Amino acid sequence: GETMQAPPFCSSRSLHPSSIQWSSCLLHSPFIITNASTAPFRIAVALRSGISPPRLLGCVRADVAVEKMEASAGDYPVPSVHKGWLYDQYGAARDVLRLGDVPVPQVSPDQVLIKLHAAALNPVDFKRRFGKFKATDSPLPTVPGYDAAGVVVKAGALVTSFKVGDEVYGNINEQALNNPKQWGSLAQYTAVEEKLVALKPANLSFAEAASLPLAIETALQGLVKTGFSQGQSLLVLAGAGGVGSLVIQLAKQVFGASLVAATASTPKLDLLKSLGADVAIDYTKQKYEDLLERYDVVFDAVGECDRAVKVVKEGGKVVVLTGAVTPPGFRFVVTSTGTDLAKLNPYLLSGKVKPIIDPRGPFKFTEVIDAFCYLETQRASGKVVVDPIE
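These remarks concern the structure in this document. (Residues numbered from 1 in each chain as written. Predicted model: local features only at pLDDT ≥ 70, side-chain atom pairs only at ≥ 80, totals over all residues. Heavy atoms only, no water.)

### Considering the overall build of the protein
- When you go through the protein residue by residue, the secondary structure sums to 10 helices and 18 strands.
- Out of the 390 residues in the protein, the part that is buried amounts to 51%.
- Put simply, 66% of the contacts in the protein that link residues at least 6 apart link residues at least 24 apart.
- Of the roughly 17,200 Å² of accessible surface on the protein, a fraction of 52% belongs to carbon and sulfur atoms. (Helix = DSSP H or I, 4+ residues; strand = E, 2+ residues; numbered from the N terminus. Buried < 20%, exposed > 50% of the residue type's maximum accessible area, 1.4 Å probe, protein only. Contact = heavy atoms within 4.5 Å. Areas by Shrake-Rupley, 256 points an atom, 1.4 Å probe, with all protein chains shown as cover.)

Here it is, written out as structure tokens:
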């Protein structure tokens, strides 16, 4: 609480720890200053501990009422090695996954480096780990993970939309099955192209944001591919799943569907209703193809295209995410883009569209194997999330 004189390498005016203003103070030290509100105290402690000015770390500028530090190089201190889940061979989670030290990814000019706070698991993660996409996969060892949410700690020279300190989220692999990144999101850091991420909606936690990217992009793009529009009807197979839960919401809140029906098991029917489904079909008791209703579009997230085509109207379409395809069904694989996330942010900010995280989670960073084993039971509601990543 006392006033201290500015060191000779700063401006000469008197500075008070509670209202300090450093102007391009070139400082070098092992002390890491990460917040303007605490920077004066850390600097004071360092100086009074006998550490000479040249050893103080960071070029710090902290203005009155400014909450975030801006580093001189625009970057936070980043280690060369970090913790990540990885596998050296294909196989089951308990057999091949391990937590270890991996190099922090290099950042290309069009990329940002994200300090991850949360990540989410997707079926494509375990299918990839089982070697189903060997021909187009990245080299081993691999850190899995598509969905990411965290803070930008470094920005490439060509990046214009984001700066250090921005909270972002995204699906880090532009093409899910074609050369996905070797160093994925189940780690402390990941590098991703600027075009694949968006600013995190301020009302969402990192865990909630991490649950969204791949699933909500799949839901949106799948509906767009069918030409789905206001006043049309839709059947969602696996409506309580990660993708299905978002298809229901987007169909109602974004596209203006006249009727949305969805399938789930008995315990999850209330969830379907809460998401906006007009009709909740218990697949353990009813066959949807035996019902009278026919739909403009069927969104098949479980691999039942041969049954789904029986309930689509003439001229209608069936989006197929997995399994065999029967006309008029068509295979769909998502393409990651931050533009889609940015378009949907207003619906997330308003609460019209909500992330759904399975109640068993979030799983701790040390529990990734358990999280995968649970996901592979195919009993999850919404998304399986890992949070916090520490």
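### Points about the pairing of strand β13 (residues 259-264)
- Extensive coverage of β13 is indicated by the burial of 6 of its 6 residues.
- Neither face of β13 is open: one carries Leu259, Ala261 and Thr263, the other Val260, Ala262 and Ala264, and all of them are buried.
- Bridging between strand β12 (residues 233-237) and β13 involves 4 bridges; their strand directions are parallel. Each residue of the ladder has a partner; that of Leu235, found in β13, is Ala261.
- For the handedness criterion, the β-α-β arrangement of β12, helix α6 (residues 244-253) and β13 is classed as right-handed.
- Looking at chain direction, β13 and strand β14 (residues 279-282) are connected through 4 bridges and run parallel. Within β14, the residue paired with Ala262 across the bridge is Ala280.
- Handedness of the crossover is the feature at issue here: the chain leaves β13, passes through helix α7 (residues 269-275), returns alongside β14, and the resulting connection is right-handed. (Pairing = 2+ DSSP bridges. Right-handed = clockwise from strand over helix to strand, strands pointing away.)

### Considerations on the packing of helix α5 (residues 213-226) against α6
- Following both chains from N to C, one finds α5 and α6 inclined at 50 degrees, their axes separated by 9 Å at the closest point. Considering their axes alone, α5 and α6 lie oblique with respect to each other. α5 and α6 meet at a crossing whose hand is right-handed. Here Ala215, Ile216, Ala219, Leu220 and Leu223 of α5 lie close against α6, whose contacting residues are Leu246, Val247, Leu250 and Ala251.
- A class-by-class count of the residues in the contact of α5 with α6 yields 9 nonpolar, no polar and no charged. (Axes fitted to C-alpha atoms, helices over the stretch in contact; angles between N-to-C directions. Parallel < 35°, antiparallel > 145°, perpendicular 65-115°, else oblique. Left-handed = near helix turned anticlockwise from the far one by under 90°. Nonpolar A, V, L, I, M, F, W, Y, C, P; charged D, E, K, R; others polar.)

### What about the packing of aromatic side chains?
- Going through the model one piece at a time under the given rule, you end up with 3 aromatic pairs.
- Ring plane angle 65 degrees and centroid distance 6.0 Å describe the contact between Phe228 and Phe255, whose orientation is recorded as edge-to-face. Taken as a pair, Phe228 in the loop between α5 and β12 and Phe255 in the loop between α6 and β13 lie far apart in primary sequence, 27 residues in all. Side by side, Phe228 and Phe255 carry an identical accessibility label, which is buried.
- Judged by centre distance (6.2 Å) and plane angle (40 degrees), the ring pair of Phe363 and Tyr374 falls under tilted. Of this pair, Phe363 sits in the loop between α9 (338-350) and α10 (368-375) while Tyr374 is found in helix α10, placing the two residues 11 residues apart along the sequence. Of the two residues, Phe363 and Tyr374, both sit in the buried class.
- The ring of Tyr189 has Lys115 sitting right over it, with the charged end atom 5.7 Å from the ring centre.
- Here the basic side chain of Arg360 rests over the ring of Tyr374, its NZ or CZ set 4.3 Å away from the ring centre. (Phe/Tyr/Trp six-rings, centres within 6.5 Å; stacked < 30°, edge-to-face > 60°. Lys NZ or Arg CZ within 6 Å of the ring centre and 35° of its normal.)

### Observations regarding the pattern of salt bridges
- The tally for this structure, following the rule as stated, stands at 14 salt bridges.
- Between Asp101 and Lys83 there is a salt bridge whose closest N-O contact spans 2.9 Å. On the criterion of sequence distance, the pair formed by Asp101 in strand β6 (residues 98-103) and Lys83 in strand β5 (residues 81-86) is long-range, its members being 18 residues apart.
- On the accessibility criterion, Asp101 (52% relative accessible area) is exposed.
- Looking at Lys83, the relative accessible area reads 37%, which means it is partly exposed.
- Arg94 is the salt-bridge partner of Asp370, the closest N and O atoms lying 3.1 Å from each other. (Salt bridge = Lys/Arg side-chain N within 4 Å of Asp/Glu carboxyl O.)

### Side note on the sheet that holds strand β17 (residues 329-331)
- An order of β14-β13-β12-β15-β16-β17 is seen for the 6 strands of this open sheet, with the pairing classed as parallel. Strand pairing shows two members of the sheet lacking a second neighbour, β14 and β17, which therefore form its edges. Within the sheet, the average angular offset between the axes of one strand and its neighbour, ignoring direction, is 20 degrees.
- Pairing between strand β16 (residues 312-320) and β17: 3 bridges, direction parallel.

### Brief notes about the packing of α5 against α9
- Closest axis-to-axis distance for the α5/α9 pair is 10 Å, and the angle between their directions is 85 degrees. Taken together, α5 and α9 sit at an angle that is classed as roughly perpendicular. In this structure, α5 contributes Pro213, Ile216, Glu217, Leu220 and Gln221 to the contact, and α9 contributes Asp340, Leu341 and Leu344.
- Class assignment of the residues belonging to the contact of α5 with α9 gives a composition of 5 nonpolar, 1 polar and 2 charged.

Read these as geometric descriptors, not functional statements.
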